[in-house]
Amino acid sequence: MKRKVIVLTGGGTAGHVLPCLALLPYLKSVFSEIHFIGSNSGYEKKLVGNAAEYHGIDAVKLARGNLFKAIPVPFKLWKAKRQAAALLKEISPDAIFSKGGYVALPVVLASKGIPVYLHESDLTMGLANRLSLKKCTKIFTSFDTYDLDKAVCTGSPIRRSIYDGNAEAARRECGFVSNKPVLLVMGGSSGAKAVNECIYSCLDRLLKTFDIVHITGEKFPSEIKRVGYRPIGYTDRIEDYLALCDYAVSRGGSGALFELMALKIPTLIIPLPKGASRGDQVDNAEYFSSRGAALVLPQNEMDAETLPLAIERLMSGKAALKDGMDKLGKADGTREIAKTIIAECAERQGEKI
């Protein structure tokens, strides 16, 4: 059997790393070597752990709207591309899978003849993937809105563990003893200060109806101690809390939303507003809302009165939202993405699978 090697890359947020890891159970059955190229900052390395052989490069964040900060970017990107090229020459992979983000861009730009598979999570394509598009063999998309020859709508890469959460373990850890429904509030891997502060402002009102698991983000720890309220900075066992919860409040990151849709959890989306981001979360939220699969509360309309009212609508609209989620179609694209990469690598090597 011929040596088969794949490089995974992505970074900047957990949303660019965890989908790569979701593919591992499928890729490991065929690829004898799996490498991950991330940044030297250590963030991606922490998430990858021992799941793949890790290599770091001096990745540079792509500056938006600030000419002064953008000046050194091309020079730093050139350096990162050279580092990535040296690694790819050493590793000699049969394929590259890129989840996007600024960490992945120099790897794709350095690919030179190596088949590159991209995945785009959002309704509108991110800058790194737009710059990578010419280099790619195929781009997998979570949303069915792309009219590109190279695009295949698969849904999102979702970790198998998401389906295997232990609700009772999470309940014990939280100390919940009531029969109230459980509300999960999460703001992404970095947290969401605005959402956190609004939750605190209406916590008494919400606790009359719910037990609450609140993932605040490591940057925004909470010292609040209340019966039925469990604040957590970060967890690597999100599947347990997803299994426990009846309803969710989430930012508009595509990875989290597709996990919630796959698990059929009624969700209120509070997207990061345009200006604080490129607007991708607003677009994602509008997509799910327009299909009756989620409710949306814009951040500029969120306060101690509107947030509880939106969550009340979430409860009363539970049946309709689950029907909307059922009609979405593809949510989990993990198996299809892996099968496509494996089949095309085998075809290039003249093998049958």
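Structure: see above.
Residues numbered from 1 in each chain as written. Predicted model: local features only at pLDDT ≥ 70, side-chain atom pairs only at ≥ 80, totals over all residues. Heavy atoms only, no water.

Novice: Quick question: what am I supposed to make of the overall build of the chain here?
Specialist: Looking only at helices and strands, one finds 15 helices and 13 strands in the chain. Dimensions of the chain along its principal axes, counting C-alpha atoms only, are 60 × 50 × 35 Å. Accessible surface, the chain: about 16300 Å² in total, of which carbon and sulfur atoms supply 52%. Across the chain, 48 positive and 38 negative side-chain charges occur, with their mean positions spaced 5 Å apart. (Helix = DSSP H or I, 4+ residues; strand = E, 2+ residues; numbered from the N terminus. Areas by Shrake-Rupley, 256 points an atom, 1.4 Å probe, with all protein chains shown as cover. Lys, Arg positive; Asp, Glu negative; His and termini not counted. Charge placed at Lys NZ, Arg CZ, Asp CG, Glu CD.)

Novice: In this structure, what is going on with the sheet that holds strand β8 (residues 182–186)? I would like to understand it.
Specialist: In a beta sheet, neighbouring strands pair by backbone hydrogen bonds and run either parallel or antiparallel. Strand order in the open sheet formed by six strands is β10-β9-β8-β11-β12-β13, with parallel pairing between adjacent strands. The two strands at the open ends of the sheet, each matched to only one other strand, are β10 (229–232) and β13 (295–296). Relative to strand β12 (residues 267–269), strand β11 (residues 247–250) is paired through three bridges, and the arrangement is parallel. Its bridge partner lying in β12, Ala248 is registered against Thr267. (Pairing = 2+ DSSP bridges.)

Novice: When you look at the pattern of salt bridges in this model, what are you seeing that I'm missing?
Specialist: Opposite charge on two side chains permits them to pair, given that their charged atoms come into close proximity. Per the counting criterion, the structure on display carries 14 salt bridges. Put simply, Glu173 and Arg230 hold a salt bridge, and the shortest N to O gap is 2.3 Å. Of this pair, Glu173 sits in helix α7 (residues 167–174) while Arg230 sits in strand β10, and the two are 57 residues apart along the sequence. Residue Glu173 is classed as partly exposed on the basis of its relative accessible area of 35%. Asp326 is the salt-bridge partner of Lys264, the closest N and O atoms lying 4.0 Å from each other. On the criterion of sequence distance, the pair formed by Lys264 in the loop between α11 (254–262) and β12 and Asp326 in helix α14 (residues 318–326) is long-range, its members being 62 residues apart. Assessed through its relative accessible area of 28%, Lys264 is described here as partly exposed. (Salt bridge = Lys/Arg side-chain N within 4 Å of Asp/Glu carboxyl O. Buried < 20%, exposed > 50% of the residue type's maximum accessible area, 1.4 Å probe, protein only.)

Novice: I tried to follow the side chain of His119 on my own but got confused; where do I start?
Specialist: Relative to the assigned elements, His119 resides in strand β5 (residues 116–120). Taking the relative accessible area as the measure of exposure, His119 reaches 0% and is therefore buried. Ignoring sequence-local partners within four residues, the contact set of His119 consists of Phe97, Ser98, Lys99, Asn129, Phe140, Thr141, Ser142, Thr154, Gly155, Ser156, Pro157 and Ile337. (Contact = heavy atoms within 4.5 Å.)

Novice: It is not clear to me how the pairing of strand β3 (residues 53–57) should be interpreted in this structure. Could you clarify?
Specialist: Sheet faces and side chains relate simply in a regular strand, where the side chains alternate between the two faces. As paired strands, strand β2 (residues 33–39) and β3 are joined by five bridges and run parallel to one another. From the neighbouring strand, Ile37 faces β3, where its bridge partner is His55. Each parallel crossover has a hand, and the one from β2 via helix α2 (residues 43–48) to β3 is right-handed. (Right-handed = clockwise from strand over helix to strand, strands pointing away.)

Novice: Is there a simple way to explain α11 in this structure?
Specialist: An α-helical turn contains 3.6 residues, so a residue and the one three or four places further along point in the same direction. Of all nine residues in α11, seven are buried; the element is thus mostly enclosed. Residues of α11 that are buried sit in contact with β8, α10 (238–244), β11, β12, α12 (280–290) and α14. After α11 finishes, the residue Lys264 shows a positive phi value of roughly 60 degrees.

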